[in-house]
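The primary structure of each chain is shown beneath.
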Amino acid sequence: AQSVAQPEDQVNVAEGNPLTVKCTYSVSGNPYLFWYVQYPNRGLQFLLKYITGDNLVKGSYGFEAEFNKSQTSFHLKKPSALVSDSALYFCAVRPYSSASKIIFGSGTRLSIRP
Amino acid sequence: KAGVTQTPRYLIKTRGQQVTLSCSPISGHRSVSWYQQTPGQGLQFLFEYFSETQRNKGNFPGRFSGRQFSNSRSEMNVSTLELGDSALYLCASSLIAGGGDTQYFGPGTRLTVL
């Protein structure tokens, strides 16, 4: 079965420190990978995606993610966390087939303390 | 360009009633997807439409249905509401369905079933 896992329900980081939100996936073939962020009482906002090419993808608000095919991972990173980064983060994967639906992870709540 | 709009933003219904939610995609987008978000189940895929055709469907009972109009606007309907249908319903639009195309989300409709 095709799936995506976010192994940490919550990640706590001090402001100014680097942050990592983990995501691993299991799909057949090559995947398209996405990260979204959700602030309270809002819809999801697109951060970045991996389609093909360079394994390091840069996105909005200083976030980046690294595609690792051998480890089937797509971890979200930021060199220096801000309190305003506190939100719910979702990883998503869509298998290469154009008919496939997008699959979302369970979400990771990121909390940045001042 | 205006974003994805969803109406109404909040809705209170009682068990047994039915409800219709509306989604207007970003201009030019031809694909609309619907998701249900609850604290316990996370983000669950309902259905995906492209050019008035349902391309994918999630694992929800037949009480949940949807449609897409020729102008790409979409509606979803839930009949015979149950308490467990209380959730945030999110709509997302994209240029095409599938592949690496980015989905852009609306703010959601908060449905409360009493």
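Scroll up to find the structure this text is about.
K.L.:
Residue-level account of the overall build of chain A, with values.
P.N.:
Looking only at helices and strands, chain A has 0 helices and 12 strands in total. Across chain A, helices and strands are ordered from the amino to the carboxyl terminus as β-β-β-β-β-β-β-β-β-β-β-β. In summary, chain A has a C-alpha radius of gyration of 14 Å against a globular reference of 13 Å for 114 residues, a match within 12%. For chain A, the spread of C-alpha atoms along the three principal axes comes to 45 × 30 × 20 Å. Classification of the 114 residues of chain A by burial places 46% in the buried group. Looking at chain A alone, contacts between residues at least 24 apart form 56% of all its contacts between residues at least 6 apart. Accessible area for chain A stands at about 5,500 Å²; split by element, carbon and sulfur atoms hold 48% of it. Separation of charge centres in chain A, based on 11 positive and 7 negative side chains, amounts to 7 Å.

K.L.:
An account of the packing of aromatic side chains is requested, with residue identities and associated values reported.
P.N.:
All names here are of chain A. Taken as a whole and judged by the stated rule, the model has 15 aromatic pairs over all chains. On the numbers, 4.2 Å between centres and 20° between planes, the contact of Tyr50 with Phe67 is stacked. Placement of the pair is Tyr50 in strand β6 (residues 44–50) and Phe67 in strand β8 (residues 64–68), with a sequence separation of 17 residues. In this structure, Tyr50 and Phe67 share a single accessibility class: buried. With 6.5 Å between their ring centres and 80° between their planes, Phe90 and Phe104 make a pair best called edge-to-face.

K.L.:
Give a description of the state of the cysteines that names residues and reports values.
P.N.:
Residue and element names in this part refer to chain A. With the rule as written, the count across this model stands at 2 disulfides over all chains. Bridging Cys23 to Cys91, the disulfide has an S-S length of 1.9 Å. Around the S-S axis, the bridge from Cys23 to Cys91 shows a dihedral of about -60° and counts as left-handed. Taken together, the positions of Cys23 in the loop between β3 (19–21) and β4 (24–26) and Cys91 in strand β10 (residues 87–95) put the pair 68 residues apart, joining distant regions of the chain. Overall, Cys23 belongs to the buried group, its relative accessible area being 0%.

Definitions and limits used
Residues numbered from 1 in each chain as written. Chains lettered and ligands numbered in written order. Predicted model: local features only at pLDDT ≥ 70, side-chain atom pairs only at ≥ 80, totals over all residues. Heavy atoms only, no water. Helix = DSSP H or I, 4+ residues; strand = E, 2+ residues; numbered from the N terminus. Rg over C-alpha atoms; globule rule 2.2 N^0.38 Å. Buried < 20%, exposed > 50% of the residue type's maximum accessible area, 1.4 Å probe, protein only. Contact = heavy atoms within 4.5 Å. Areas by Shrake-Rupley, 256 points an atom, 1.4 Å probe, with all protein chains shown as cover. Lys, Arg positive; Asp, Glu negative; His and termini not counted. Charge placed at Lys NZ, Arg CZ, Asp CG, Glu CD. Phe/Tyr/Trp six-rings, centres within 6.5 Å; stacked < 30°, edge-to-face > 60°. Disulfide = S-S within 2.5 Å.

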